[in-house]
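Structural description and commentary
Residues per chain, in single letters:
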Amino acid sequence: NGDFMSIHTENDFHLNPSPPFDVRIVFCGYTRVANWNYTNVNLRVWLLYWNRTSGAELELNGSVKKMEPGEVILIPPYTTFSTRLREPFLHFYIHFEAKAPFDRVKREFLCFPASHAAKVLPRILKARDEVSRALAFRLLIYEYLLRIPGSARILRALDIMNHELALTRDNRGICKRIGMSLNNFYRLFLAETGTTPKHYLLNQRMESARRLLIDSEKTIDEIAFETGYADRYHFSKAFKSFYACPPVAYRSMYRRKS
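Residues numbered from 1 in each chain as written. Predicted model: local features only at pLDDT ≥ 70, side-chain atom pairs only at ≥ 80, totals over all residues. Heavy atoms only, no water.

Glancing now at the overall build of the protein chain. The helix and strand tally for the protein chain stands at 9 helices and 9 strands. Here the protein chain holds 258 residues, and the buried ones make up 40% of them. A sequence separation of at least 24 residues applies to 72% of the contacts in the protein chain between residues at least 6 apart. Surface accessibility of the protein chain: about 15500 Å² in total, with carbon and sulfur atoms responsible for 53%. (Helix = DSSP H or I, 4+ residues; strand = E, 2+ residues; numbered from the N terminus. Buried < 20%, exposed > 50% of the residue type's maximum accessible area, 1.4 Å probe, protein only. Contact = heavy atoms within 4.5 Å. Areas by Shrake-Rupley, 256 points an atom, 1.4 Å probe, with all protein chains shown as cover.)

Set out below in C-alpha cells:
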C-alpha cells in the first residue's frame with residue numbers, strides 16, 4: 001500500500017534545500033618570510049594564517065598577538081591590523097572570499113588549534129591534481145569557519161534573514177529555529193554584527209527591493225510580498241522612509257539612468 005516506517009533517533013535531522021554556499025580562493029601560498037612589517041592592513045577578503053615557526057606578530061587595536069605554530073588565525077574582511085617581523089618564519093596562508101552568512105563576522109583575530117591544519121596541509125602539498133588540491137583547501141577553510149566561536153547560531157540567523165525575507169516576521173520565530181532565547185539572541189547578534197536584528201533585516205529587505213525594482217519586471221505588490229511586507233502600502237511606506245523616494249518613482253528614475 002506504499003506505507004513505510006521510519007526509525008528516528010535524537011540525532012536525526014532534515015535540511016531544506018538552501019542556496020549553494022562556496023568560498024573563492026583568491027591567493028594562497030606556503031613560503032619562508034623574511035620581510036613582514038606592514039601597517040594598517042585592511043583587505044576585503046578573509047585571511048587564514050598558520051605559521052609553522054615562530055617569528056611574527058599581529059597587532060589589532062593596540063593589542064599584540066604572537067603567531068605560534070600551535071594556532072591557526074582567521075582574520076575577517078575589512079579588519080584593520082598591522083604585522084611585525086621578529087625573525088624569519090615559515091608561513092602558510094590563504095586569502096579567500098566567503099558569501100553570506102560569513103560577511104557579518106566581528107572584526108577580530110579568531111584563533112584555533114592548528115591540529116586540523118597539520119592534517120590537511122600534507123594533502124594539499126601532495127595533491128595529485130588541481131581538483132584534489134582545491135577540495136583539500138576547502139576542507140581546511142570550511143572546518144575553521146565552522147569553529148567560529150559563539151556565532152554559529154547567529155550565522156544561521158543571518159542565513160535565514162538573507163534568504164527567507166518573505167517568511168521572516170519577527171525575532172521570536174528566528175530564535176525558535178536556532179534554539180536561542182530572545183535576550184541572548186539580541187545580545188549576541190549585536191556583539192557579532194555591530195547592529196540590531198531589526199536594522200539588519202530592514203537593510204536586507206530594502207536592498208532586495210531596490211534590486212528587484214531596477215532589475216525585474218515584478219509588480220510593486222509582488223516585490224512587497226517577496227521582501228516580507230503584508231501589502232503594498234506598508235512596503236511603500238518603509239521604502240520611502242529608507243530611500244526618501246517612493247518605490248514607483250525610484251524604479252522610474254533609475255531605469256531612465258540605466
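From this point on, the discussion continues.
Within the secondary structure, tyrosine 254 sits in helix H9 (residues 247-257). Classification of tyrosine 254 as partly exposed rests on a relative accessible area of 29%. When the C-alpha atoms of tyrosine 254 and aspartate 215 are compared, they prove to be 10.0 Å apart, with 39 residues separating the residues in sequence.

This part is about the sheet that holds strand S7 (residues 81-85). Spatially, the 4 strands line up as an open sheet ordered S2-S7-S4-S5, and their pairing is antiparallel. Two strands lie at the open edges of the sheet, namely strand S2 (38-41) and strand S5 (63-67), each paired on one side alone. Recorded for the sheet is a direction-independent mean angle of 25° between the axes of neighbouring strands. With 2 bridges joining them, S2 and S7 adopt antiparallel strand pairing. Paired with valine 41 across the two strands is phenylalanine 81, which belongs to S7. (Pairing = 2+ DSSP bridges. Axes fitted to C-alpha atoms, helices over the stretch in contact; angles between N-to-C directions.)

It is worth spelling out helix H4 (residues 171-178) at this point. Buried within H4 are the following residues: Ile174, Cys175 and Ile178. The buried residues of H4 occupy an angular sector of 100° when the element is viewed end-on, so they sit on one face. In this structure, H4 carries Arg172 and Lys176 as exposed residues pointing more than 90 degrees from its buried face. Measuring from the backbone nitrogen of arginine 172 back to the side-chain oxygen at the start of H4 gives 3.2 Å, which picks out aspartate 170 as the cap. Downstream of H4 by one or two residues, glycine 179 has phi in the positive range, about 70°. (Arc of directions from axis to C-beta. Polar contact = N/O pair within 3.5 Å; in protein donor to acceptor, adjacent residues only side chain to side chain.)

This part takes up the nonpolar core. Core analysis: the biggest nonpolar cluster contains 42 residues, and Trp46, Phe96 and Phe185 have the highest contact counts within it. Among the nonpolar cores identified, the runner-up in size contains 16 residues, and Trp36, Leu47, Leu58 and Met67 belong to it. (Core = buried A, V, L, I, M, F, W, Y, C linked by side-chain atoms within 4.5 Å.)

With that settled, the discussion passes to the pattern of salt bridges. In total, this model carries 14 salt bridges according to the counting rule given. Between arginine 84 and glutamate 57 there is a salt bridge, and its shortest N-O distance comes to 3.0 Å. Linking arginine 84 in strand S7 with glutamate 57 in strand S4 (residues 56-60), this pair joins segments that are 27 residues apart in sequence. What makes glutamate 57 buried here is its relative accessible area of 8%. Between glutamate 59 and arginine 84 there is a salt bridge, and its shortest N-O distance comes to 2.8 Å. Here glutamate 59, found in strand S4, pairs with arginine 84, found in strand S7; they are 25 residues apart in sequence, far enough to count as distant. (Salt bridge = Lys/Arg side-chain N within 4 Å of Asp/Glu carboxyl O.)

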